[in-house]
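Each chain is listed here by its residues.
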Amino acid sequence: MKRKHKSKKVVQPPMTEAELAKEGIKPQVYKRRWWILGSLCLALFVEMVANGSLNMALPDMARDMNLSQLDLTWIVNTYTLLFASLLFVAGAVGDRYGRKRIMQIGLVLFSASSIYAGFFAGSALELIIMRVLMGIGGAMIMPATLSIVNNIFPRRERPQAMAVWGTVAGAGMMLGSVVSGLLINIFHWHAIFIFTATLTVIAFVANCLLVPESVDEHKTPVDWLGGLFAFLGVFGLVYGITELPDSLRGVETATNPTLVWSALVVAIISLVVFVWWEWRSKHPMLDMKLFRSSGFGISSLILILTFLALSGTMYGMSILEQSIIGFSPLEAALYMIPVMIPMMVLSPLVPKLAARFSSRWVISAGLVITAVAFLLISQLDGSVTYWHIFGCMVMMVVGITFAMIPSTNLLMLVVPKNRSGMGSAMEDTTRELGSALGVALIGSSINTIYNTNIHAATAQLPPQLAQAGQAIEKSLPAAQQVIDQLANIGALPGPAAEQLLMAAKNAWMDGFGHAALISAGIMLVTAVICAIFFIKKAEEDKLTSAATPHGR
């Protein structure tokens, strides 16, 4: 008779005071670490909601306040520009003067500007100024949250904690769109700012009660000159990447190409000077020696490309769901919630897989899965339905989760613990650059191919509809609006209108398919780089078990 063996779950015993002292964690902090993480994730969620919720409110804002397209562009972009370009400075200042203190200043600034925007703002200029202040506040909040997580959790639990943080960061923007859609449908666009302010106040109180102060015990001076170069470089790069596609296509509302190229030139010069200065500085804002470790350098590359894929595809999917499938903006956001569930389910499991099989292989597998999802997306056409894209998006989210969580953990492991703000700022900046690149690259690729393909169909229109044809070539949403108008006034017979609309949809899907192929290629190349050059299992285990984090 065979004896049955029951597998026993290995439960790690609580850490002793001596073990905690070795890692610089106070026993009372250790006892409430998961509550602290919850309050930090609430602060992080506030920032993610602000970053992803405003787009749905733009039409109502434009009607109520008589805003131009340029006004709307600056209301959206000023937040992103200030947020991305100040991350390194905010991270360094938090390390030097107190991460909790800087985060709370950011929360106060964030809530005050949200309250003003929700209750008192009556012009585009006021909204732009409030979004500037929110961007500054957001830059003070986000690096501090990850820095504090890095300092309150022992090494053996840090991957799990960072997985929770990464899930909130990854899913927060999508949930923000859902919440904003509900608020607009029930109340008014002002409710988005009021909701954000309310969450921020709650996060502030929770952080006052729960979060301990942490600071660089070496009191490393802030590299203000390096911060200036980083600000100019990231600001110009994000601005240039965001504006360049429309400028190249000659969109009427686009920024002057000379200004865009000037911003990119200034950005490149500033970043080159930044790297030169950081090599020379005694107390660099970003220690360039960290890039000698593939755990830092290749993790940064992986995070940039992962968020390039995620943000670029989400940009394309929002148009696909609304302009091709026919969802309303709120329906499109709601239908994306099930897609994000695998990230929430898998996040706690990924660190365990990485510990068993090595982060190198887990990340590589995730990148390959993401590439396969892109290849499947590239085969879709204008008759696509939600269920066609559902499986592809679930596969993509699974792959991105496998790639994102171990990369974040290893990047932070390589950075000295007393400079956690530097590592957190690097991680956050890679996300922002990846997001900007994703929207620019995928958006530009889609629009270029759409314009080329749809021209063959619009060329068949009668001469008197030439102006309408030019409008159809601008974008798929514009094409739908113009074709509906032509059909309603009888300028285009019903069957001809349906045929032209299907041609526009197929032209757009062709562009989306080509963009997906480009993304698949990027993911596969990155997977190969990761498999060959990423940190090996023995090195990873040594780094994970080290008493003090260090760069190599």
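Within every chain, residues take consecutive numbers counted from 1 along the sequence as written. Residues qualify for local features only when their pLDDT is at least 70, as the model is predicted, and side-chain atom pairs are given and counted only at 80 or more; totals for whole chains, interfaces and linings, by contrast, use all residues. Side-chain measures were taken over the full set of non-hydrogen atoms in the model, leaving aside hydrogen atoms and water.

**Overview of the overall build of the protein**
Okay, step 1: Tallying secondary structure elements over the protein gives 22 helices and zero strands in all.
Okay, step 2: Radius of gyration: C-alpha atoms only; globule rule: 2.2 Å multiplied by the number of residues to the exponent 0.38. Against the compact-globule benchmark of 24 Å for 552 residues, the protein has a radius of gyration of 24 Å, which places it among compact chains.
Okay, step 3: Dimensions of the protein, computed from C-alpha atoms along their principal axes, come out at roughly 85 × 70 × 50 Å.
Okay, step 4: Classification of residues uses two cut-offs on accessible area relative to the type maximum, computed with a 1.4 Å probe and protein chains only: under 20% is buried, over 50% is exposed, and between them is partly exposed. For the protein, the residues scored as buried account for 57% of the 552 residues in total.
Okay, step 5: Contacts were defined at the residue level, with two residues in contact if any of their heavy atoms lie within 4.5 Å. Within the protein, counting contacts between residues at least 6 apart in sequence, those at least 24 apart form 83% of the total.
Okay, step 6: Taken as a whole, the protein presents about 23,800 Å² of accessible surface, with 66% of it coming from carbon and sulfur. Where helices and strands are cited, they refer to DSSP runs of H or I of at least four residues and of E of at least two residues respectively, numbered from the N terminus. Only the protein chains shown count as cover for residues, with accessible areas throughout obtained via the Shrake-Rupley method and a probe of 1.4 Å.

**Digging into the side chain of T200**
Okay, step 1: Tracing the sequence through the fold places T200 in helix α10 (residues 190-210).
Okay, step 2: Owing to a relative accessible area of 0%, T200 belongs among the buried residues under this scheme.
Okay, step 3: In protein, a polar contact means a hydrogen-donor-capable atom and an acceptor-capable atom, both N or O and within 3.5 Å, with residues adjacent in sequence counting only if both atoms are side-chain atoms; elsewhere, any N or O pair within 3.5 Å suffices. A polar contact of 2.6 Å, which involves the side chain of T200, links it to the backbone oxygen of T196.
Okay, step 4: Residue contacts for T200: discarding those within four places in its chain leaves V46, L107, F110 and S111.

**Here's the deal with the packing of helix α15 (residues 350-357) against helix α17 (residues 386-414)**
Okay, step 1: Every axis in this analysis is a line fitted to C-alpha atoms, fitted for helices over the stretch in contact. Angles between the N-to-C directions lie between 0 and 180 degrees. Where α15 meets α17, the axes come as close as 9 Å, and the angle between the chain directions of the two elements is 75 degrees. One element, α15, and the other, α17, form an angle in the roughly perpendicular class. Judged by residue contacts, V350, P351, L353 and A354 of α15 engage T401, F402, I405 and P406 from α17.
Okay, step 2: Along the lines of polarity and charge, the residues of the contact of α15 with α17 split into seven nonpolar, one polar and no charged. Between 65 and 115 degrees an angle is taken as roughly perpendicular, under 35 as roughly parallel, over 145 as roughly antiparallel, and anywhere else as oblique. Basically, the charged four are Asp, Glu, Lys and Arg, the nonpolar ten are Ala, Val, Leu, Ile, Met, Phe, Trp, Tyr, Cys and Pro, and anything else, Gly included, counts as polar.

**Structural notes on the nonpolar core**
Okay, step 1: One finds M61, M103, L127, I472 and W508 to be the most contacted residues of the largest nonpolar core, which totals 168 residues.
Okay, step 2: No other element matches the 18 residues that α17 contributes to this core.
Okay, step 3: Excluding residues within four positions of it along the chain, I472 makes contact with Y450, I454, T458, L461, A479, V482, I483 and L500.
Okay, step 4: In this structure, L237, V238, V260 and L264 belong to the second largest nonpolar core, which totals 15 residues. For the purposes of this section, nonpolar cores are sets of buried Ala, Val, Leu, Ile, Met, Phe, Trp, Tyr and Cys residues that join through side-chain atoms within 4.5 Å.

**What about a nonpolar patch on the surface?**
Okay, step 1: For patch detection, residues must exceed 30% relative accessible area and be free of salt bridges, and they are connected within 9 Å for like charges or within 5 Å for nonpolar side chains (Val, Leu, Ile, Met, Phe, Trp, Tyr). Salt-bridge detection follows one rule: a side-chain nitrogen of Lys or Arg within 4 Å of a carboxyl oxygen of Asp or Glu. Together, I115, Y116, F119 and F120 give the surface a local cluster of nonpolar side chains, amounting to about 400 Å² of exposed area.
Okay, step 2: Checked against the element boundaries, F120 lands in the loop between α7 (99-119) and α8 (124-152).
Okay, step 3: On the basis of relative accessible area, F120 is assigned to the exposed category, the value being 53%.

**Thoughts on helix α18 (residues 420-458)**
Okay, step 1: The span one expects for a helix is its residue count, reduced by one, times 1.5 Å. In this model, α18 (39 residues) spans 56 Å end to end at C-alpha, consistent with the 57 Å of a helix rising 1.5 Å per residue.
Okay, step 2: Of all 39 residues in α18, 29 are buried, a share of seventy percent or more.

**Quick look at the packing of aromatic side chains**
Okay, step 1: The pairing test for Phe, Tyr and Trp rings, Trp by its six-membered ring, is centres within 6.5 Å, and the orientation test on the planes gives stacked under 30 degrees, edge-to-face over 60, and tilted for anything in between. Summed over all chains, the structure comprises 18 aromatic pairs.
Okay, step 2: Residues Y116 and F120 carry aromatic rings whose centres are separated by 5.7 Å and whose planes lie at 45 degrees to one another, so their mutual orientation is tilted.
Okay, step 3: Using a relative accessible area of 31% as the deciding quantity, one classes Y116 as partly exposed.
Okay, step 4: Ring centres 5.0 Å apart and planes at 75 degrees place the aromatic pair Y386 and W387 in the edge-to-face group.
Okay, step 5: Owing to a relative accessible area of 65%, W387 belongs among the exposed residues under this scheme.

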